[in-house]
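Overview (structure and organization)
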Amino acid sequence: MESAPSRLATKASWLISQTAVHARRLVSEAFATSAARGYHYRVLAALREFGPASQAELGRRGRMDRSDVVAAVTELAREGFVERSADPADRRRNTVTITRAGIQQLHRLDRALDTAQDELLAPLSVAERRTLVALLGKVLEHHGGVPSSRSVEDRPPDRS
């Protein structure tokens, strides 16, 4: 592979975007082994952590376009990973709930994502990985992109 010009190779924005290309590929490949996509993971993770939600809430939590949420929820419902029902408080709105099969699928996707993360961050030590994640989170939070200020270590364990 040819070297990039030093004007690029020393810019964080360029390094992040180039790394993101590899991250997307690795995650897509990992999820494909479970016949899933990133949007499925976002929906299942949000439902598991925050409980039943409207499709609009899922879109906000997962930073997803409304049409992508609808497509993902439809696909997940077809597989039995979520249930969609009319909200009793507002019959025009759907409430989405994760099922036991959905929790199992989320665990499969967690393992697949962990493998992709390990491959992406292979040259880094555990401490360096934590530092990288913390620094990226700090930059993202500064730009309004972090949905929760709680770190992963502060979250309650998944008891399923």
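See the structure above.
Residues numbered from 1 in each chain as written. Predicted model: local features only at pLDDT ≥ 70, side-chain atom pairs only at ≥ 80, totals over all residues. Heavy atoms only, no water.

1. Considerations on the pairing of strand β2 (residues 82–87)
- Pairing geometry for β2 and strand β3 (residues 90–98), over 6 bridges, is antiparallel. Pairing of Arg 84 across the sheet is with Val 96, part of β3.
- The antiparallel pairing of β2 with β3 creates a hairpin that spans 2 residues between the two strands. (Pairing = 2+ DSSP bridges. Helix = DSSP H or I, 4+ residues; strand = E, 2+ residues; numbered from the N terminus.)

2. A look at the side chain of Thr 95
- Position of Thr 95 among the secondary structure elements: in strand β3.
- Take Thr 95: its relative accessible area is 18%, and that puts it in the buried class. (Buried < 20%, exposed > 50% of the residue type's maximum accessible area, 1.4 Å probe, protein only.)

3. A short note on the packing of helix α4 (residues 55–62) against helix α5 (residues 66–78)
- Between α4 and α5, whose axes approach to 9 Å, the crossing angle comes to 110°. In terms of orientation, α4 and α5 fall into the roughly perpendicular class. As α4 packs across α5, the resulting crossing turns out to be right-handed. Packed against α4, whose contacting residues are Gln 55, Ala 56, Leu 58 and Gly 59, the element α5 presents Arg 66, Val 69, Val 70 and Val 73 at the interface.
- A breakdown of the residues in the contact of α4 with α5 according to their chemical character gives 5 nonpolar, 2 polar and 1 charged. (Axes fitted to C-alpha atoms, helices over the stretch in contact; angles between N-to-C directions. Parallel < 35°, antiparallel > 145°, perpendicular 65-115°, else oblique. Left-handed = near helix turned anticlockwise from the far one by under 90°. Contact = heavy atoms within 4.5 Å. Nonpolar A, V, L, I, M, F, W, Y, C, P; charged D, E, K, R; others polar.)

4. Section: the packing of helix α3 (residues 38–50) against α4
- Interhelical geometry of α3 versus α4 gives an angle of 105° and a closest axis separation of 9 Å. In terms of orientation, α3 lies roughly perpendicular with respect to α4. Here Arg 42, Val 43, Ala 46, Leu 47 and Phe 50 of α3 lie close against α4, whose contacting residues are Leu 58, Arg 61 and Gly 62.
- For the contact of α3 with α4, a count of residues per class yields 5 nonpolar, 1 polar and 2 charged.

5. As for helix α6 (residues 100–120)
- If you check α6, its first and last C-alpha atoms are 30 Å apart, about what 21 residues at 1.5 Å a residue would give, namely 30 Å.
- Of the surrounding elements, those touching the buried residues of α6 are α2 (12–32), α3 and β3. (Expected span 1.5 Å × (residues − 1).)

6. A look at the sheet that holds strand β1 (residues 53–54)
- If you trace the 3 strands from one edge of the open sheet to the other, you get β1-β3-β2, paired in antiparallel fashion. Two strands bound the open sheet, and with one partner strand each, they are β1 and β2.
- Examined bridge by bridge, β1 and β3 share 2 bridges and lie antiparallel to one another. Paired with Ser 54 across the two strands is Thr 95, which belongs to β3.
- Of the strands in this sheet, β1, β2 and β3 touch α3, which is tilted by about 90° from β3.

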